Amino acid sequence: TLVWMNKESQNVFKRLQSILFKTPNNNDHPIHPILDKEDQGKLVKEAIKRLSNQEPIQSRLQFVKEFSEFVKTYRIDEVETLWATVQDLVHENQPIKVRKTGYKFLCALIEGHPEDLGLLRTTFFNIVQNYKAPLDWRLEVLRLLTKDGRDISPFEKPLGSVLTDWLKGFESQFLEDLLNLVTNIAKFNWALLEDTDKPELIHNICLICDSAQSIAIVGTCLTLFDVMVRYGTIPPESLLTLISTLCRTVNIQRFSPLSWQTMANILRSHYGHQGIKALCSILNDANNQYTVNLLRGAVFFLSMASWGSQRISSLYTSPTMVLLALQQVILCKSYIVLYEVLLAVNRLVKKFGSELRIEWDTVISIVHQIQIFVEGHTDTPEIVDSSFPVIFCEVVSTIGELCKKDAFFGNRETVFHMLEDSTKYQQEAIIFYLLEEKMRVCQPVYDNWLTSLQRFINIYYQDETRIKIKLKVIAEVKKVYQAYKDLYEEEMVKIFLQYFGTEQDGQLRQASIDFLIEIATHCYSDMLRGLVDLIVGSVKFSSELQKKSITGLLSIFKAKIHRRPHSQPIYIFTKLVRYVNCENLATRRELLTSLIKIGVDSTYHITYEGKATIYLRAPFTQFLEKAALAKGNYGILPMHELFEAYLFCLAKESNSELYFMVINAILKMLQNRYLMTELNIGKLASFISKQINKRTLGSSIAIDQAYKKEELYEQGINIIISLIGYSAELSTQQQREIVYTLATSISLANRWPFPAAKFQRLCIYGLSLCHLEFPAEVQIDMIGQIINYLSQIATSHTIPILEYLMAPHTRSAATKQDVDSAIKLLLVFTDTKKFSQHISALSYQALVMWLASCRFSDRGAHFKTISKVLYPLIREKQCSLAETNIDLLARYALGQTEVTSSPNKKSQAFLFEEAPCRHWMIGNTIVTMRMGQMGWCQIQVRRPTAASDYIMRLQTKINTNPLVFPAFEAPPTMESHFDLMDNLQFPFSENLSDERRPGSRTNSVESLSFNFNEHHPLETSPRGVPPEQSSPYHRPVSPEVVDKYPMIPWISEEPPEPNLSKSPTLFGRSVSAPVLPSMTSSSNAPPHIALTEYYPPLPSYERESATSPSLFNSVPAFSQYVILDSNQPKLSDEAQMMLHSGSSPSSPIHDMLSHVTPVEGHVTPTSDHVTSSPAPTVPTDHASNSPIDVSGNSEISPNDPSNSSPFPMPSGHLSPLASRRRSHVPNDETPHLSLLFLQFQHFPFSDARPKLLKDGDGLDRALNVLDRIKSTETHKIGVLYVGAGQNSSDEILSNQTGSQRYHQFLGKIGKLVALKDVVDDMYVGGLDPDDHADGEYCLVYKDITHQVVFHVATLMPNLPSDKAFTNKKRHIGNDNVIIIYSDSKSSYNQDTITGQFNFVNIVIYPLEKGFYQLEVKKKAEVPDFGPITSIRIVTEEALVPLIRYIALNADFAASLLQGHSEYVSNNQERLRQIKQIQTRWSLND
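Cut-offs applied
Residues numbered from 1 in each chain as written. Predicted model: local features only at pLDDT ≥ 70, side-chain atom pairs only at ≥ 80, totals over all residues. Heavy atoms only, no water. Helix = DSSP H or I, 4+ residues; strand = E, 2+ residues; numbered from the N terminus. Buried < 20%, exposed > 50% of the residue type's maximum accessible area, 1.4 Å probe, protein only. Contact = heavy atoms within 4.5 Å. Areas by Shrake-Rupley, 256 points an atom, 1.4 Å probe, with all protein chains shown as cover. Axes fitted to C-alpha atoms, helices over the stretch in contact; angles between N-to-C directions. Parallel < 35°, antiparallel > 145°, perpendicular 65-115°, else oblique. Left-handed = near helix turned anticlockwise from the far one by under 90°. Nonpolar A, V, L, I, M, F, W, Y, C, P; charged D, E, K, R; others polar. Polar contact = N/O pair within 3.5 Å; in protein donor to acceptor, adjacent residues only side chain to side chain. 1 Å grid on protein atoms, 1.4 Å probe; cavity = no way out; pocket = protein on both sides within 12 Å on 5 of 7 lines; lining within 4 Å. Points joined across faces, edges and corners; volume = space filled by probe spheres on them. Expected span 1.5 Å × (residues − 1). Pairing = 2+ DSSP bridges. Salt bridge = Lys/Arg side-chain N within 4 Å of Asp/Glu carboxyl O. pLDDT = per-residue confidence, 0-100. Patch = residues over 30% accessible without salt bridge, like charges linked within 9 Å, V, L, I, M, F, W, Y side chains within 5 Å.

A. Representation of the overall build of the chain. Scanning the chain for helices and strands turns up 56 helices and 23 strands. When burial is assessed residue by residue, the chain has 56% of its 1485 residues classed as buried. Looking at the chain alone, contacts between residues at least 24 apart form 72% of all its contacts between residues at least 6 apart. With the model as given, the accessible surface of the chain reaches about 62800 Å², and the carbon-plus-sulfur share is 50%.

See below:
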């Protein structure tokens, strides 16, 4: 029924129904889906009627076509009836068209009713077998009838013959379908076929396969073969045919796997051995020698099945049988077959070579015959261009490897002979083995082995073209050399030099250069130069060879530098330095890195990587050991060539990394004094100076980063600074270039495209060193410009500038204009609102140094400039620094005095026992007066900056009547006093004759002794000056002034008539001075005496004439000598001050001035009117021996005339001489003290009113506290000596002595003072004078602004009870700065002496005589200071001042770490103490 029909079947049925019953075939009239059997039968009967032969043929054929689809789809019960109706259509007598329709209907009927055919199957097979119709029609019927070969009953027997017949003449276009049908028949029904038909069937299929040109046909045939082998049994008589076909198809790449698979299945079956025999028979058959594909396939199957990767393990085959077959097939002379044979042999040798025994002869025979064939066909492209030679060489190489392993059991000589005859065709590996075998005879145990060696190199290296073989030759020759170089080195090197090192191939050249480098490394004969020349000759060959050659030369140099002969490393060195400019960057880097490691030690031995050589010396030694040099005991390494190479790199190097490397190398060289000997240092100085001045340093490199440029120029400046220590080797012009470079770089640095702060700081440090190392004339004309440059960067580089201005010798060559510029620059830093207290304190110290160092005649003008700046600071800001330093500056503006912190309390103490004492306060000055025995008076002045001590003897009686003093509005102030100094002239002491020079310094106390001669008349007035204009006595005193100064005894208006006496002796010199007649105590009025002769004319403030005559010639204050005009009497400053203080003829000064006592120990010119009285003895004070260095330059050696300052200091205490008559000391001492105080009322030129201080123990204690505060800045510096080889702190601290140069250094850096002789004014930094635990001596230094005590470890004893040296550590461990004098070759470790302090270590390394190496090591938290920032070389002349200078700078920098919020100098502390005394103990007016 139609219920089970699918949609397509329904459509067919509908169409057939519409044809038979004339119903419309559309969806509008659907057919009822269910038909009963009766309706179906009616439909079939109607169709049969239409198919009968009674119908017209065309209608019939048309309906057959339509009904064929129905037959395919629907099962019909009347199949036989239906076939009987249409069978006439397939008869042979029908037209082809009819027959074709009939066959199609037959196929449809079979396809639609495969299970309902019954006996019709036989009928249909007969039609296929017997009817003559196209084979493709019959093939299709057979395919459908057998269900694609699955069901061949009941025609099994005839089917085989039918298929065989069809295979013989079947059309090729349908052959593939036939073969597919046969394949299925073989697969499902092979056993049902007749055995007699099978061989012929296989044969026909093999013929088709062998002759087919279609890939599909061959593939189908192979599939059929595979099915036959898998599902059936191959007849024995067909085995050879099938194998032959498979041998052919295996050559087709696409079918190789399937062919091998089929063949493998055959060999795995019971036909395995028969298959091997079949394959061998194919190879042995002479008729097949031209059938290449057959032979090749047979060779392949044999080798693969027997010993290939797909070896059939179940099949055991003798290799001999196969090898004999392979040997036979070689006769075919086909290179393809031979190639396969070679592959087969290769497989055998590789896998089973070690198992072969008797088979080796056959293998060697096969290989040899193939070799002969190859040699005879060298011009055949198929052989030359194919992989044939490769496999052949691989086979031979494998045999060779077996020979090496002793796994070859054939004839070795035959193998070697075969290899040797075919060397150029053999694989390189086998040649390598051959070379190894040949090299066995190139050994000393064989005769003429050197000849054999040369022949071997000539054949296999000189004549050979293959690089690898040549490389192998080099390797083999290298082995022989390494084995016998100790005995036959020279003989072998001679042979090697003929062949190696000149190759044109890069790889070969590299190998030969490597070999030559190895030879040269161990060669110590004269042949080395030839080897080095060959290596050098390869430098320009290529970039890679350049690197290898230079690297090789470096390795040779390293091996030779410590051994003899010394000429070898020298020769190599001269070659190496030429290639610092080579093209290869990596090579240049390696070369420079190695050359930088070359150094020189203190014995002038060349060092490499820190290790000293034995036979190489620096150039300087040739002058020391000419005899040893002549004998050849050592050689001189030409370091100048390396130096020149570095200079070349600075000019041409293009890589920034290497450029910096060279810069650093030069800097390192400059830190080694021994290395720089005999080098052209001046050339370097000129070059670097020029590069920096023109801003072309590093112009050959590309630097984009600003920090890199900054680093580059910093290193350049570091080189310039390092060159300063080599001043003796620089010309004056070169020294000037250095100074000019450093100076201009300060200004130019502001225009650099990078931050120049560090750069400028280095330049300033360098200029400081220039002043120490270079003569003054080098920079005398540049100091002003330098100061000008410094002023441009004053706010950004304050500390370095101040350090420069305080540096030793900076002021020695300065002109007046330079001093003026420096003072103006320093005044900028005095403002404590803009700068810290530390900076301001430094600036004041520098101001004192600069003022004290200039000419006396210029000091007044400079002081006036200073005072204009400082007075406003004092008035407006109450600046204690300015307040104290203006006092100190005034002291040095007026004269050169030694600075002490306390009066001399021991001087002439016997005169003032139980003497009354009074204290006055004037401004910031405390004046203490005592009246002693015999009219002697002691006056002590305590100021913030110093203390002074005066001893006088009164010669006149005291007149208590009030006197009249000339009227003035107010006492002159310090400012008005220094207005006079515009016209003062202070001559240098060196212009004095020898008898005028001061004597030795014996005491720090300033004292005066006067003896005034009263017998000479007094001139009325100076020449040309009317008395009424010149005498101050003509001016009346106003009542306001008298009221304002009630304590001043005013003198009368009318002066007495003067008398002139002959010149008295004033400070040991004969001078013209007025003599005041004696006044009796009963006199009511003083005589009229004009004092104009003793007063200089007042200065002109209008400055109308710049050439006005000098008022008087003066010497420094408190000097022993006065130079006066012979035509006009003049007084010294002291005498004028006494006159200025208000002395009248009736006052005690009348007699005091009548006798001028000469200084003890000096020659006084004789005079009839001058007599001397014995003076009381003054005990000597050791403190007076402390040296004073005004300019900061002099060494401490008081007896050395070379150390004397150009500005003379006071000689200390001046022993007073007895007066001609002793003064009367009244019972009431008070008037006398008041009178003496008046002599100092304007000291120090202040308008402050005097205040009397309340006596008592409290005041005495306060004054003692004040006296203990030093008036200079104090510093304590540790000094250690490090002996040779010492490293630990205990070793260093245990030293109690040092080297000779160390003791010379101590003798120069300070003065050795016995601790028992230390006085109160001397700073000893905590050393105990009473206890011997700190030693007996200390080392001190003093100048006008500093006192330094050196805690010298070697001066302190080693106490038996102090094994840990705690006592030494107590002093040195608490010092901020330590000076280490090291004779050790190792670098000093910063942590050797540990402590809370020890912030800075200044390490001194003595070098050759006259030179030292300095290194400053500081803790990270210490601020930067100068001038040493890295290792520097300094001369012996500059060492001591430089060390003191660095130590003071370092101590100042370390003091910033002490946590003080505000810096307070000692003078400020003294000022604070004085003001406290004034507040607590001053009485009301």
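B. Inspection of the packing of helix α25 (residues 506–522) against helix α26 (residues 528–537) at higher detail. Relative to each other, α25 and α26 sit at 150 degrees, their axes nearing to 10 Å. When the axes of α25 and α26 are compared, the pair comes out roughly antiparallel. Viewed along their axes, α25 and α26 form a crossing whose handedness is left-handed. When α25 is examined against α26, the residues R509, I513, L516, I517, I519 and A520 are found in contact with a partner set consisting of L528, L531, L534, I535 and G537. Partitioned by chemical class, the residues of the contact of α25 with α26 number 9 nonpolar, 1 polar and 1 charged.

C. Summary view of the environment of Q1413. Tracing the backbone shows Q1413 in strand β22 (residues 1411–1418). When the C-alpha positions of Q1413 and I1433 are compared, they lie 4.6 Å apart, and in sequence the two are 20 residues distant. In contact with Q1413, not counting residues within four places along its chain, are Q671, V1403, I1404, Y1405, L1407, I1431, R1432 and I1433. At 2.7 Å, the side chain of Q1413 forms a polar contact with the backbone oxygen of Q671.

D. Just the layout of surface pockets, in detail. Approximately 930 Å³ is the volume found for the second largest pocket. V600, D601, N672, K1385 and Q1413 are, among the 34 residues lining the second largest pocket, the residues nearest its centre. Among the secondary structure elements, those contributing two or more residues to the lining of the second largest pocket are β1 (598–600), α32 (639–652), α33 (656–670), β21 (1400–1406) and β22.

E. Helix α18 (residues 359–376), seen in detail. Taking 1.5 Å of rise per residue, the 18 residues of α18 would be expected to cover 26 Å, and the 26 Å separating its terminal C-alpha atoms lies within 8% of that figure. Within the span of α18, buried status applies to E359, W360, T362, V363, I364, I366, V367, I370, Q371, F373 and V374.

F. Here's a closer look at the sheet that holds β22. Here 8 strands make up an open sheet; going across it, the order is β17-β18-β19-β16-β20-β21-β22-β23 and the pairing mixed. Both edges of this open sheet fall to β17 (1311–1314) and β23 (1432–1435), since each of them pairs with a single strand only. Here the strands of the sheet are splayed against their neighbours by 30 degrees on average, with no regard to which way each runs. Two elements, β21 and β22, share 7 bridges in a ladder whose sense is antiparallel. Pairing of I1404 across the sheet is with L1414, part of β22.

G. Representation of empty space enclosed by the protein in the model. Using the criterion set out here, one finds 16 cavities of 30 Å³ or more in the structure. Reported here for the largest cavity is a volume of approximately 120 Å³. Lining of the largest cavity is provided by 13 residues; of these, Q845, N885, L888, E1273 and N1467 occupy positions nearest its centre. Contributing elements (two or more residues each) for the lining of the largest cavity: α42 (837–853) and α44 (880–894). Within the lining of the largest cavity, the residues separate by chemical class into 5 nonpolar, 7 polar and 1 charged.

H. Molecular detail of the environment of L348. By the secondary structure assignment, L348 is in helix α17 (residues 335–352). A sequence separation of 15 residues divides L348 from V363, and the C-alpha atoms of the two residues are 9.2 Å apart. In contact with L348, not counting residues within four places along its chain, are W307, L323, G353, L356 and V363.

I. How the structure looks around the pattern of salt bridges. Considering all chains together, one arrives at 36 salt bridges under this definition. Measuring nitrogen to oxygen at the nearest pair gives 3.1 Å for the salt bridge that ties R673 to E1408. Of this pair, R673 sits in the loop between α33 and α34 (681–693) while E1408 sits in the loop between β21 and β22; the two residues are 735 residues apart in sequence, bridging distant segments of the chain. Just as R673 is buried, E1408 falls in that class too. Across the pair K1276 and D1375 runs a salt bridge, and its minimum N-O distance is 3.3 Å. Separated by 99 residues along the polypeptide, K1276 in strand β16 (residues 1273–1282) and D1375 in the loop between α54 (1366–1372) and β20 (1377–1382) bring together distant segments of the chain. Relative accessible area serves as the criterion here: at 0%, D1375 is assigned to the buried category. Among the charged side chains, a salt-bridge network with shared partners connects E436, K472, E476 and K479.

J. Structural detail: helix α15 (residues 292–307). Along its 16 residues, α15 runs 22 Å from first to last C-alpha, staying within 8% of the 22 Å computed at 1.5 Å per residue. The buried fraction of α15 is high, at 13 of 16 residues.

K. View of the confidence of the model for the chain. Summarising the model, the chain shows a mean pLDDT of 75, and 74% of its residues fall at 70 or more. In the predicted structure, residues 1241–1245 sits below a pLDDT of 50 and forms 21 contacts with residues beyond four places in sequence or in another chain.

L. The arrangement of the pairing of β16 in detail. Of all the 10 residues making up β16, 8 are buried; the element is thus mostly covered by neighbouring parts of the structure. Pairing geometry for β16 and strand β19 (residues 1346–1352), over 7 bridges, is parallel. Residue pairing in the sheet places H1275 in a bridge with V1348 of β19. Alignment of β16 against β20, held across 6 bridges, turns out to be parallel. Following the sheet pairing, V1282 is matched in β20 by S1382.

M. Molecular detail of a nonpolar patch on the surface. Taken together, the side chains of V441, V445 and Y446 make up a nonpolar region of the molecular surface, amounting to roughly 280 Å² of accessible area. Relative to the assigned elements, V441 resides in the loop between α22 (428–438) and α23 (449–462).

N. Layout of the sheet that holds strand β8 (residues 947–953). With antiparallel pairing, the 5 strands of this open sheet are ordered in space as β8-β7-β6-β5-β15. Two strands close off the open sheet at either side, each with one partner strand: β8 and β15 (1251–1252). Of the strand pairs in this sheet, strand β7 (residues 936–942) and β8 are connected by 7 bridges, and their pairing is antiparallel. What sits directly across from Q940, in β8, is D949.

O. Region of interest: unusual backbone geometry. Following S153, the chain continues into P154 via a peptide bond in cis, with omega recorded as 5 degrees. Turning to its location among the elements, P154 is positioned in the loop between α7 (135–145) and α8 (156–169). Omega for the peptide link from R564 to P565 comes to -5 degrees, which places this bond in the cis form. Here P565 is to be found in the loop between α27 (543–560) and α28 (567–576). A positive phi angle, near 70 degrees, is found at H809, a position not held by glycine. Here H809 is to be found in the loop between α40 (798–805) and α41 (816–828).

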